[in-house]
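Remarks on the overall topology
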Amino acid sequence: MPALDLLVVADSVEGGLGASAVAHAEWFASHGWMVGLVAPDQAEGETCGVHRLSVGAVASALDVADVRAAARSLRRLLSSSRPSVVHAHGTRAQLLCLLAGRRPFVTMHGGGGRVPGQSSVGTWSRQLGRSLAPLLAQQSYSAAPAGRGWDTVLHASPRLGRLDHVASSPSAQTPEFLWLGRLDEPKQPLTFVRACALAAQSSDVTGVVVGDGPQRSMLEAEAARLGAPVKFAGETADVAGYLERAWAVCLFSGFEGVPFSMQEAMWAGRPVVLSPLPSLRWFAGSAATYAGSADEVAEVLLSLTSPEVVSQLGARAKERIHKLLTPQDPFPRYLTDYGPR
């Protein structure tokens, strides 16, 4: 293993956290750094100048045997690669670094509160980890406001720069609403399906679900039962075509930080309809519309069947995000904080 300038350690290379960690490693590699990326669920090898490594699966910080084995593997890796900087993404990643004898920079990506479906012990351990993390880090960053001890540093979706060509007006001739996200209980995709069914009773609207997950079969069955005009497109790495058609993008969830799907919709100039969570309100402000229940969402969708309203709200969303983010965020900030190699 060659000597490394930077070792990025991540809970996962899946989802928003994983995309951030991968983008972090690749950005520094493209700027001449020797970079390694450690995560439990990735194939080993070299891609985009990044040495990808695994230390074994760690599903939870409470899995003591897995944590100990992964920490031993990471300790050996730290000894052989001697990285100048170690940066952990997520609670488990920071724990592994500390057990391996290295105090890392650390970034947390989720919002506060309780994750829907998580056990009381899991919630307690996650909250304890968040409260201790700033004390055990060289510097602690949060991708959404997290309170005392955390420096809020926004992470831009890696796809933002590829969305500049999306036209300001939707290409779909009739109102088409887009759902972007994992089809799982915490993301509440059922709210979108039911809202589309209700809205379709009063107007010619359709819904498109882009994403996959354990609830897909149930959602398809519920859409059929309700007669909801919703198409399930599956998972894709290229959302530009769907954003091009969309009149608005919806995100309903019981727990969020600053999700990439919201950033991408706003960057493309699409109105966003969101759950009224503190982190989402903090980021989108008055540029978004907020709703919780399917009835409330259906009313919002019906209000977005006017091209003039869609154009106005889309422009407001685009203006808002361009004031908050650049496609490179937060990596120039990290570069400054790391100091000389």
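Structure first, text after, so check above.
Let me sum up the structure you'll find in this document. A quick note: this is a predicted structure, and the numbers were derived from the prediction, not measured. (Residues numbered from 1 in each chain as written. Predicted model: local features only at pLDDT ≥ 70, side-chain atom pairs only at ≥ 80, totals over all residues. Heavy atoms only, no water.)

It is the contact of helix α5 (residues 189-200) with helix α6 (residues 216-226), at a shortest axis distance of 10 Å, that shows an interaxial angle of 15°. Looking at the two axes, α5 sits roughly parallel to α6. Helix-helix and strand crossings are classified by hand; for α5 and α6 the assignment is right-handed. Across the interface between the two elements, Pro 189, Leu 190, Val 193, Arg 194 and Ala 197 from α5 touch Met 218, Leu 219, Glu 222, Ala 223 and Leu 226 from α6. (Axes fitted to C-alpha atoms, helices over the stretch in contact; angles between N-to-C directions. Helix = DSSP H or I, 4+ residues; strand = E, 2+ residues; numbered from the N terminus. Parallel < 35°, antiparallel > 145°, perpendicular 65-115°, else oblique. Left-handed = near helix turned anticlockwise from the far one by under 90°. Contact = heavy atoms within 4.5 Å.)

It is worth spelling out the nonpolar core at this point. Leu 178, Leu 243, Met 262, Met 266, Leu 274 and Phe 283 are the most contacted members of the largest nonpolar core, which totals 34 residues. Taken together, the elements giving at least two residues each to this core come down to β9 (176-180), β10 (206-210), α7 (240-245), β12 (248-251), α8 (260-267), β13 (272-274), α9 (278-284) and α11 (307-324). Residues contacting Leu 274, with those up to four places away along its chain left out, are Leu 251, Phe 252, Met 262, Leu 280, Ala 284, Ala 288, Thr 289, Tyr 290 and Ala 291. In terms of nonpolar packing, the next biggest core, distinct from the first, is built from 31 residues, Ala 172, Val 273, Leu 301 and Leu 313 among them. (Core = buried A, V, L, I, M, F, W, Y, C linked by side-chain atoms within 4.5 Å. Buried < 20%, exposed > 50% of the residue type's maximum accessible area, 1.4 Å probe, protein only.)

Of all the positions in helix α3 (residues 91-99), only Ala 93, Gln 94, Leu 96 and Cys 97 are classed as buried. Viewed end-on, α3 has its buried residues packed into an arc of 160°, placing them on one side of the element. Elements that come into contact with the buried residues of α3 comprise β1 (6-10), α2 (64-81), β5 (85-89) and β6 (105-108). (Arc of directions from axis to C-beta.)

Going residue by residue along strand β11 (residues 230-234), you find Val 230, Phe 232 and Gly 234 tucked away on one face and Lys 231 and Ala 233 left uncovered on the opposite face. Pairing of β10 with β11 involves four bridges; the strand directions are parallel. Bridging from a neighbouring strand, Val 208 pairs with Lys 231 of β11. Running through α6, the crossover from β10 to the neighbouring parallel element β11 is right-handed. (Pairing = 2+ DSSP bridges. Right-handed = clockwise from strand over helix to strand, strands pointing away.)

Turning our attention to the environment of Leu 302. Along the chain, the position of Leu 302 falls in helix α10 (residues 294-303). Overall, the relative accessible area of 29% leaves Leu 302 in the partly exposed class. Along the primary structure Leu 302 and Ala 200 are separated by 102 residues, whereas in three dimensions their C-alpha atoms are 8.8 Å apart. Look past the residues within four positions of Leu 302 in its chain and what remains in contact with it is Ala 199, Ser 202 and Ser 203.

So, on to helix α12 (residues 331-338). Among the residues of α12, those classed as buried are Phe 331, Tyr 334 and Tyr 338. On an axial view of α12, the arc spanned by its buried residues comes to 50°, and they lie on one face. Buried residues in α12 make contact with β1, α1 (15-30), β5, β6 and β7 (140-142). Directly beyond the C-terminal end of α12, a positive phi value near 80° is found at Gly 339.

Okay, the pairing of strand β4 (residues 50-53) next. Here β4 shows two buried faces, one formed by Val 50 and Arg 52 and the other by His 51 and Leu 53. Relative to β4, strand β2 (residues 35-38) runs parallel, the two being bridged by four bridges. Its bridge partner being in β4, Gly 36 is matched across the sheet by His 51. Looking at chain direction, strand β3 (residues 45-47) and β4 are connected through three bridges and run antiparallel. When the sheet's bridge partners are listed, Gly 45 is paired in β4 with Arg 52. Here β3 hands over to β4 after two residues, with Cys 48 in that stretch at a positive phi of 55°.

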